[in-house]
Amino acid sequence: VIFTVQTINEEKKELEQVIEQVEQAKSESRSKSTFLANMSHEIRTPINTILGLDTMILRESTEGSVRRYAKDIKSAGDMLLSIINSILDFSKLEAGKMELVPAEYSLKKLIHDVHIMINTRARQKNLDLVMDISERIPDKLYGDDVRLKQIIINLLTNAIKYTESGSIRLGIYGKESADNNIHLLVSVRDTGMGLKEDEKDKLFERFSRLDENKNRNIEGTGLGMSLVSGLLELMNSQLKVASIYGNGSDFYFEVEQKIIDKTPIGKVDWNEYVEEADEDYTVSFTAPDAKVLVVDDNEMNLMVFENLVRATEIEVDKAGSGQIALNLTNKYKYDIIYMDHMMPEMDGIETFKRIKSQPDGKNKETPIIILTANALQGARDEYEEIGFDAFLAKPIDPDALEENLEKYLPEELIKVGEEKKSVKKEKKPSRSVPQIEGVDVSYALEHVGSLEGVEKVAKQFVKVAISDATELEKYCNQIKFDNDNIDALENYRIKVHAMKTSASLIGALQVYGVAAQLEFAARDKKIQQVIETTPYFVEFWIDMYKKIKEYEDSIQDKTTKGSISNEILNPLLHQLMTSMSAYDVKSADGIITELEKYSVDPEISGKIEELKTAVANIDVDLCNQICGEIIK
């Protein structure tokens, strides 16, 4: 009996250990999924802005050099997107949830896209990219071209990484087989170092790198070949390699695709080939009587969305928060609502539920599309389970957006008559790019698209810069007074994040860098760093504000002082009180200088003069008293 009890206890203990290990594994899996979801959002959100604005440049610009730059931006953005997608796709493969999505496609376009994405990287290493494509292969095929392109790009990228001189050759050959199919042989051959025999088995391991001593400087996730192997397995194929150490490698695979049209690709100069659709964008429909709402806390994302649907003539309302969205949906009926997920205070899911439950709401039956950078496997199912009508991932694909609009807008609102080209900007006499200390105007031009756009952004920056600084200092003082004030810390993080975005848009990259550091410090609850660094950042910020203001004044060609509005005067006075209370004389003098640029009403001009004297004498109490009287 004693033996039996001991045995039972031991087995129970072993079972408990197994259960504990299983629970730990589940916890680790959940942690990994959370990490991937967050990473997906953080990285895909800025890619959305880059590729969205770049699409608008390609649609509207008539300048050859600008279009070339824009195409290079698209190529780099697509490459960056492919990296993050590789990480997420591997997660899908591990979970057994990866599925092929076959469709009709142009093999010529697929190869062209690959060439654009890879040729730039090959040139950077002085490698020749050789395109050996059979002229007899049919162009119109049926299969999962997205995954096929992903496999080829991974193989080419890997070849470039491990090749220091010589060339990379992409070969695609085909032979028609039964049932109107084409048997494709795809080969990527390089003149790199090749593989040792004992390295071939290691080739498909995750996060592995071959010949560590030689390749320690090679960048990459280490997932590429493992992902290729998994994708090919889904296609009933297998990656094979022929390699001699020191004499390069040849990676190849075979795959069946269905033929849609037997018209061959023909002879193509891939360096000169230009896809016809790239030159002239045409909108598939117009809906001038339609009205949609887009909800996103990122102003840039709102602008990108509005630009992408502009050619459809749809009326777009924008909401920068869930609460604003609720106010609008309570007043207006929309045909579609596009909803971001990750927003402060009230996220997209909570906003969705409240819209559907508004007592007198006008949008209980309105289709609501989740618009999110969270592209993790399973996200679509989760959103649809909540009740969203559809899922659109960021970066926003312009064609997918138009298809989504056409699908969910009421049929009677859609006009599909004569195709309508987007309006292109007329050429205007070029102006010299201004030189502003601390500002990379060329960087701003790349992100905003035109000098007029930069001027508009500069004007907006000047309008809010002082109030932004005042608000940031307020949160910093609250944190300094109470280190455990979580609300103040979160408000600080949100505000400095917004200031970081503003700095990026105007090309103030050093200010952007400091703001990014403070945002991370607030996120990681590094209180001391926030408290100690904020005064320096605000000084840096105000100095940049003065330079941008001077530029903004110059482009308006002011010959006389303009009257100061309360929207400008009050934030300046609040900032002055904050600076004087902190005995920041340099900042206070700068604000006085700023006030002198404007004319003021006679009733307060005397108080302004008293204010100058108070600042000169560093009389904090008198300064605050006068500011309070003027603001009142």
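Residues numbered from 1 in each chain as written. Predicted model: local features only at pLDDT ≥ 70, side-chain atom pairs only at ≥ 80, totals over all residues. Heavy atoms only, no water.

1. Considerations on the overall build of the chain
Link 1 in the chain: Each helix and strand in the chain was counted, giving 20 helices and 14 strands.
Link 2 in the chain: In the chain, which comprises 632 residues, the proportion classed as buried is 46%.
Link 3 in the chain: The contacts of the chain with a sequence gap of at least 6 include a subset with a gap of at least 24, amounting to 72%. (Helix = DSSP H or I, 4+ residues; strand = E, 2+ residues; numbered from the N terminus. Buried < 20%, exposed > 50% of the residue type's maximum accessible area, 1.4 Å probe, protein only. Contact = heavy atoms within 4.5 Å.)

2. Side note on the confidence of the model for the chain
Link 1 in the chain: Summing up the model confidence of the chain, the mean pLDDT is 75 and the portion of residues at 70 or higher is 70%.
Link 2 in the chain: Between the elements of the chain, mean pLDDT differs from a low of 42, seen in helix α6 (residues 276–279), to a high of 94, seen in strand β11 (residues 336–339).
Link 3 in the chain: Confidence over residues 275–279 falls short of pLDDT 50; this stretch has nine contacts with residues more than four positions distant or in other chains. (pLDDT = per-residue confidence, 0-100.)

3. Here we look at the pairing of strand β3 (residues 138–143)
Taken residue by residue, a regular strand's side chains alternate between the two faces of the sheet.
Link 1 in the chain: Note that strand β1 (residues 103–106) and β3 share four bridges and pair antiparallel. Looking across to β3, one finds that Ser 106 is bridged to Lys 140.
Link 2 in the chain: Where β3 meets strand β7 (residues 249–264), four bridges bridge the pair, whose relative direction is antiparallel. Bridge pairing in β7 links Leu 141 to Ile 259. (Pairing = 2+ DSSP bridges.)

4. Examining the packing of aromatic side chains
Link 1 in the chain: Within the structure shown, the criterion is met by five aromatic pairs.
Link 2 in the chain: Measuring from centroid to centroid gives 4.3 Å for Phe 352 and Phe 388, while their planes differ by 35°, and the two rings are tilted. Of this pair, Phe 352 sits in helix α9 (residues 348–357) while Phe 388 sits in the loop between α10 (379–386) and β13 (390–393), and the two are 36 residues apart along the sequence. Like Phe 388, Phe 352 is buried.
Link 3 in the chain: Geometrically, the ring pair formed by Tyr 383 and Phe 391 is tilted, given 5.7 Å between the ring centres and 35° between the ring planes. Phe 391 shares its class with Tyr 383; the two are buried.
Link 4 in the chain: Aromatic ring contacts, followed pair by pair, group Phe 352, Tyr 383, Phe 388 and Phe 391 into a single cluster. (Phe/Tyr/Trp six-rings, centres within 6.5 Å; stacked < 30°, edge-to-face > 60°.)

5. Looking at unusual backbone geometry
Comment: phi is negative for the bulk of residues other than glycine, and the bulk of peptide bonds are trans.
Link 1 in the chain: Backbone geometry at Glu 313 places phi at a positive 65°, although glycine is not the residue there.
Link 2 in the chain: Tracing the backbone shows Glu 313 in the loop between α7 (299–308) and β10 (315–319).
Link 3 in the chain: Here Glu 313 falls in the partly exposed class, since its relative accessible area comes to 33%.
Link 4 in the chain: Even without a glycine there, the phi angle at Lys 525 is positive, about 60°.
Link 5 in the chain: Within the secondary structure layout, Lys 525 lies in the loop between α15 (509–523) and α16 (527–556).
Link 6 in the chain: The class of Lys 525 is exposed, set by a relative accessible area of 53%.

6. Comments concerning helix α3 (residues 107–124)
Helical periodicity: at 3.6 residues per turn, an α-helix aligns residues three or four positions apart in one direction.
Link 1 in the chain: Here α3 contains 18 residues, and its C-alpha end-to-end distance of 26 Å stays within 8% of the 26 Å for a straight helix at 1.5 Å per residue.
Link 2 in the chain: Where α3 bends most, at Ile 118, the angle is about 30°.
Link 3 in the chain: Turning to α3, its buried residues number three or more, namely Leu 107, Leu 110, Ile 111, His 112, Asp 113, Val 114, His 115, Met 117, Ile 118, Asn 119 and Ala 122.
Link 4 in the chain: Positive phi appears at Asn 126, one or two residues downstream of α3, with a value of about 55°. (Expected span 1.5 Å × (residues − 1). Bend = angle between axes of the 7 residues up to and from the residue.)

7. Considerations on the state of the cysteines
Link 1 in the chain: What the rule picks out here adds up to zero disulfides.
Link 2 in the chain: Distance from the sulfur of Cys 623, which forms no disulfide, to the nearest cysteine sulfur (Cys 627) is 4.2 Å.
Link 3 in the chain: Accessibility expressed as a relative area gives 0% for Cys 623, which makes it buried.
Link 4 in the chain: Taking the relative accessible area as the measure of exposure, Cys 627 reaches 0% and is therefore buried. (Disulfide = S-S within 2.5 Å.)

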